[in-house]
Amino acid sequence: MYSEKVMDHFSNPRNVGEVDGPSGTGMVGNPACGDIMKLTIKVENDKITDVKFKTFGCGAAIATSSMVTELVKGKGLDEAEKISNNTVAEALDGLPPVKMHCSNLAADALHAAIEDYKKKNAAK
Amino acid sequence: MYSEKVMDHFSNPRNVGEVDGPSGTGMVGNPACGDIMKLTIKVENDKITDVKFKTFGCGAAIATSSMVTELVKGKGLDEAEKISNNTVAEALDGLPPVKMHCSNLAADALHAAIEDYKKKNAAK
Amino acid sequence: MKKIYFDNNATTPIDPEVFDAMMPYLKEEWGNPSSIHWAGRGARKAVEEGREAVCKLLNCTGLELIFTSSGSEGDNHAIKGIAYAKKDKGNHIITTKVEHPAVLNTCKALAKDGFETTYLDVDGDGLLNLDQLKSAITPKTILITVMYANNETGVVFPIKEIGEIAKGRGITFHTDAVQAAGKIPLDVQKLGVDLLTISGHKLYAPKGIAALFVKRGVRLVPLIHGGHHERNRRGGTENVAGIAAIGKAAAIAMRDMDKEAAHLASLRARLEKGLAERVPHIKINGHPEKRLPNTANVSFEFVEGESLLLNLDMKGVAASSGSACTSGSLEPSHVLLAMGLTHEMSHGSVRFSLGKMNTAEDIDYLLEIMPPIVERMRGMSPLYAGAK
Amino acid sequence: MKKIYFDNNATTPIDPEVFDAMMPYLKEEWGNPSSIHWAGRGARKAVEEGREAVCKLLNCTGLELIFTSSGSEGDNHAIKGIAYAKKDKGNHIITTKVEHPAVLNTCKALAKDGFETTYLDVDGDGLLNLDQLKSAITPKTILITVMYANNETGVVFPIKEIGEIAKGRGITFHTDAVQAAGKIPLDVQKLGVDLLTISGHKLYAPKGIAALFVKRGVRLVPLIHGGHHERNRRGGTENVAGIAAIGKAAAIAMRDMDKEAAHLASLRARLEKGLAERVPHIKINGHPEKRLPNTANVSFEFVEGESLLLNLDMKGVAASSGSACTSGSLEPSHVLLAMGLTHEMSHGSVRFSLGKMNTAEDIDYLLEIMPPIVERMRGMSPLYAGAK
Ligand SMILES: Cc1ncc(COP(=O)(O)O)c(C=O)c1O
Ligand SMILES: Cc1ncc(COP(=O)(O)O)c(C=O)c1O
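Bear in mind that the values here come from a model prediction, so they are computed numbers and not experimental data. (Residues numbered from 1 in each chain as written. Chains lettered and ligands numbered in written order. Predicted model: local features only at pLDDT ≥ 70, side-chain atom pairs only at ≥ 80, totals over all residues. Heavy atoms only, no water.)

A.B. asks: Please give an account of the sheet that holds strand 4 (residues 116-120) of chain C that cites residues and values.
C.D. replies: All names here are of chain C. The sheet built from 7 strands is open, its strands ordered 2-8-7-6-5-3-4 with mixed pairing. Single-partner strands in this sheet number two, and they are strand 2 (65-68) and strand 4. Ignoring which end each strand starts from, the neighbouring axes of this sheet average 20° apart. Inspection of the sheet shows strand 6 (residues 172-176) paired to strand 7 (residues 195-199) by 3 bridges, in the parallel sense. (Pairing = 2+ DSSP bridges. Helix = DSSP H or I, 4+ residues; strand = E, 2+ residues; numbered from the N terminus. Axes fitted to C-alpha atoms, helices over the stretch in contact; angles between N-to-C directions.)

Structure, rendered in structure tokens:
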């Protein structure tokens, strides 16, 4: 069902946890769908210097979470904002069709975290 | 499907043909059903001294024809008249249910032959 | 005793290659294809590979194939499925008088729900008149269902032409190709059909597995509602071993069809010629050319078919009279009656349907035993004057 | 790698005795049971012997059994068959919220034809309220269809009591006994049902064969019209090998059920007790006693079921989450939601369904690997405070 890459990220997820004193936090999904993702980022000089996730969800949800943290670590905010759910799915060599909608939320969580960071920053 | 007795009478039918100068002839069945039986009898002193059949029909039709000739040969007319299609089927250790109606006509042919004999005799 | 099987239209032996292909799914790989764990993965793969193989035979895509349990299920699914899906558009169905009971009785059953069916005639050769078909079409016609090849006589209908007539008028077109599969080409693109039924056990696969082609975009109401199987079109855990089997059978049919068809045609010619030479008063039913290569339907005048079959069986030869499906009934073949045969001639018919295991020796054995059998039975027949 | 199968409610392995029983019908005895010649006779005998064996398990007569291709076909046949046969009497059906999709989706489909269905609730233990059932009955109620045992939780419903309610009111009563067969007694006389569905592949027989009990005198419209097979009630050449298999499986179930049930119950107790001792925050779903002996449905709070299954699978353990039939979907189990579980708890459920090949060692292996898996997954969960 899942690609090898998905299974790799599922069984050895990268960057699990929450960053200390996060610059931004994104939380997406809902229990009805069975997928909830929480992404915390550390931003320095418009760069994402650290990122961690916590996810309640299926194999696809965990793998996409893990993958998105790999994709954005060290990236500038502009670049990070361009990452879409599709980018993540492609980086994992694809996802089963049934998983594309519900469980492919990692980029959404990322964008939510960036937005949160920007809101907090604007408030300063 | 068929009992051993049926198969015996089918493969070695008794009394096939037509008796010479029959005292009575019975013909029953019709092509639509796929079964036509012709029974010829020789009657002497109210006894059936000879009987033969010709049958167009399935295994059951041939076996019942053969059996009825065995049952009546040498019997008095009274006794012969008591033979029913069921008597014949029982003597063959039964017939498949689907064959009970259409192909079990041998006793009818016998009765038709006896009636024919009586009619001819009454006319004399 | 010799055992010779001439009843391949009733069912075929299971090809040893097919047997081997299905074994793993009755031994180690018995998983449920819907399961995500190890036990399900092999099963899922078998289902997808089986689907691909059958699709190759039919020249369709995997999305267009529904596995079913029998040709009868496929016919019911197609006909009821289209009738109910299109009931707002019309209530008229066109079929023929010589279809298999799975089609005829389905159409009859639909009458209770207000559907009307026209049953097309056939001529003495068993052929349709396409003008009759055209003039049977009304604005309410939603479905034409016409078999590709007849199970009793082997007569082949002009599916492509019928497809063109149907398409021009927006009528859905189904063909029961149960007897055609593996014997003549079966390319749904070339045939131009919307739905097509095949069945494994006429194709050297086991009983219990079959398939229905449903052209992309054709909507039909499921016959078996249930889980998400077959893309929500047919509920029920997949018959994995059966699917592996029909897949293998389809692949073999693809590979061997040309060779087998030639083989069958030559055996059949030997049989028909031989019988005609040796047995008087016989009639070969069905158009001489427009027939499957394997089927010989022969009427033996003055005698009844079942009695011939029993005699043949006693000599180890398996054949049938009328269709196997209706052999439990006493009615003469509806197919032969529709072709204008008398009741006697219909009752006196025997179908020899050859298969790939048959040999010239099998035919010669039949030619040896048949004349005395017929003679003996005619000698018992009140209809036969010649014997007196 | 170790391979341990805890997904017997999805499908069972094929019993080697069953395998042996079906082999002759895939090798030498591939004939069509309708044929009158040698090739058909062995097949016909197999069908009749298979029928007898299944009838013994159900305690019914041969006239009351229809072989089908799947539990789903049986459910569809029963429900649609009764609905259409009795549509002049009424249009109301009663079922439960926790039926298999083969029942639920059939009832939904019937809505398009004007039938109305009441879906009964279950309580937190998964049990029905028979007063709700009684008050749901209207003069238009023609059919009650309630499963014998639930596939996800194993909860067993009081079929006998429901049968008495139905009978008193002239309502036909069908039960889906697919999960009950072979695990708990299944005597149609004692249960007082009019129709009952079983399926081979939940009973150590292969996929593609199943059976429907139809009590003498109960009339229903066929689902698959066709030839004279199954006394005109189900068209299609019989799946002979499948019938031989389900017959053998039924005989084995008769012979071994008591022993197996005790075996399963003790393994299940070991599993549930062991998990409860080793893993905090779990909930065992379904009434503790009124359950099949083999099914353990466990919610692991804070984690999602599929991710647990993948982890188990990586260690060679096959289990499932929700029913296998709906695992292609993303919806949480309709059964657990109906029992009042939250979405998180429903999503976090795993079903361990044991089979006769399972051993105490299998359970112990699970008890060893499960705690670290749950701990690891909870460590990743944003819902789990304890791990922080
Ligand atoms: C309770 C219940 N009913 C019906 C079915 C359907 O059975 P089958 O897969 O044989 O169609 C199943 C199996 O998934 C089931 O568990
Ligand atoms: C032309 C035709 N259609 C349909 C069927 C039914 O196939 P099955 O026996 O697989 O239901 C048959 C076989 O008897 C057939 O010959």
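Still more to cover.
A.B. asks: Requested: an account of the site of ligand 2, with residues and values cited.
C.D. replies: Residues in contact with ligand 2 amount to 16 residues; listed here are only the nearest, S72, D176, S199 and K202 of chain C together with T237 of chain D. Residues lining ligand 2 come from chains C and D. The side chain of S72 of chain C places a nitrogen or oxygen atom 2.6 Å from an oxygen atom of ligand 2. Note that an oxygen atom of ligand 2 is positioned 3.0 Å from one of the side-chain N or O atoms of H201 of chain C. Starting from 390 Å² of accessible surface for ligand 2 in isolation, the protein chains cover 98%. Among the elements that take part in the shell around ligand 2, helix 3 (residues 71-85) of chain C stands out by supplying 3 residues, more than any other. Here the shell around ligand 2 is composed, by residue class, of 3 nonpolar, 10 polar and 3 charged. (Near = heavy atom within 4 Å. Polar contact = N/O pair within 3.5 Å; in protein donor to acceptor, adjacent residues only side chain to side chain. Areas by Shrake-Rupley, 256 points an atom, 1.4 Å probe, with all protein chains shown as cover. Nonpolar A, V, L, I, M, F, W, Y, C, P; charged D, E, K, R; others polar.)

A.B. asks: Got a sec to walk through the site of ligand 1? Specific residues and values, please.
C.D. replies: Every one of the 16 residues lining ligand 1 counts as a neighbour, but T237 of chain C together with S72, D176, S199 and K202 of chain D are closest to it. With respect to ligand 1, the side chain of S72 of chain D contributes an N or O atom lying 2.6 Å from an oxygen atom. At 2.6 Å from an oxygen atom of ligand 1 is found a side-chain nitrogen or oxygen belonging to S199 of chain D. When ligand 1 is considered free in solution it has 390 Å² of accessible area, and contact with the protein chains removes 98% of it.

A.B. asks: Explain the domain arrangement of chain C to me, and be specific about the residues and the numbers.
C.D. replies: Residue and element names in this part refer to chain C. Considered domain by domain, chain C is made up of domain 1 (4-11 + 257-387) and domain 2 (16-252). Distance between the C-alpha centres of domain 1 and domain 2: 28 Å. Contacts between the two partners involve 30 residues from domain 1 and, on the opposite side, 31 residues from domain 2. For the pairing of domain 1 and domain 2, the buried interface totals around 2,600 Å² over both sides, and the portion due to carbon and sulfur atoms is 59%. At the boundary of domain 1 with domain 2, the tally comes to 0 salt bridges. One can count 15 residue pairs in polar contact (both at pLDDT 80 or more) joining domain 1 with domain 2. Taken together, the elements giving at least two residues each to the side of domain 1 that touches domain 2 come down to helix 9 (240-278), strand 10 (295-300) and helix 11 (334-338). (Domains from an automatic or database assignment. Contact = heavy atoms within 4.5 Å. Buried area = accessible area lost by both parts, 1.4 Å probe. Salt bridge = Lys/Arg side-chain N within 4 Å of Asp/Glu carboxyl O.)

A.B. asks: Could you give me a rundown of the pattern of salt bridges, with the residues and numbers involved?
C.D. replies: Applying the stated criterion across every chain, the model contains 55 salt bridges over all chains. Across the salt bridge formed by R14 of chain A and E70 of chain A, the nearest N and O atoms sit 3.8 Å from each other. A residue pair is termed long-range when its members are at least 10 positions apart, and R14 of chain A in the loop between helix 1 (4-11) and strand 1 (24-30) and E70 of chain A in helix 2 (residues 59-72) qualify at 56 residues. Taking relative accessible area as the criterion, R14 of chain A reaches 21% and is therefore assigned partly exposed. In this structure, the salt-bridge partner of E230 of chain D is R51 of chain D, at a minimum N-O distance of 2.8 Å. Of this pair, E230 of chain D sits in helix 8 (residues 229-232) while R51 of chain D sits in helix 2 (residues 38-58), and the two are 179 residues apart along the sequence. Accessibility assignment for this pair places E230 of chain D and R51 of chain D in one class, buried. (Buried < 20%, exposed > 50% of the residue type's maximum accessible area, 1.4 Å probe, protein only.)

A.B. asks: Please set out unusual backbone geometry residue by residue, giving values where relevant.
C.D. replies: Residue and element names in this part refer to chain B. Within the chain, N15 stands out as a residue other than glycine whose phi angle is a positive 60°. Judged by its relative accessible area of 17%, N15 is buried. The phi torsion at D46 lies on the positive side, around 60°, for a residue other than glycine. Relative to the helices and strands, D46 is located in the loop between strand 2 (35-44) and strand 3 (47-56).

A.B. asks: Can you explain the relation of the copies chain D and chain C? Please cite residues and give values.
C.D. replies: Least-squares fitting of chain D to chain C yields an RMSD of 0.0 Å, with the transformation described by 0.0 Å of translation along the axis and a rotation of 180°. Both copies of the chain, as the preceding transformation shows, are related through a two-fold rotation axis. (Least-squares fit on C-alpha atoms with pLDDT ≥ 70 in both.)

A.B. asks: Quick one: what's the story with the layout of surface pockets, residue by residue and with numbers?
C.D. replies: Empty space within the second largest pocket amounts to approximately 1,200 Å³. In terms of lining residues, the second largest pocket is bounded by 47 residues, among which K80 and Y84 of chain C together with K80, Y84 and L223 of chain D are the most central. Secondary structure elements with two or more residues in the lining of the second largest pocket: helix 3 and helix 4 (101-111) of chain C together with helix 3 (71-85) and helix 4 (101-111) of chain D. No other element matches the 5 residues that helix 3 of chain C contributes to the lining of the second largest pocket. Grouping the constituent residues of the lining of the second largest pocket by class yields 20 nonpolar, 9 polar and 18 charged. (1 Å grid on protein atoms, 1.4 Å probe; cavity = no way out; pocket = protein on both sides within 12 Å on 5 of 7 lines; lining within 4 Å. Points joined across faces, edges and corners; volume = space filled by probe spheres on them.)

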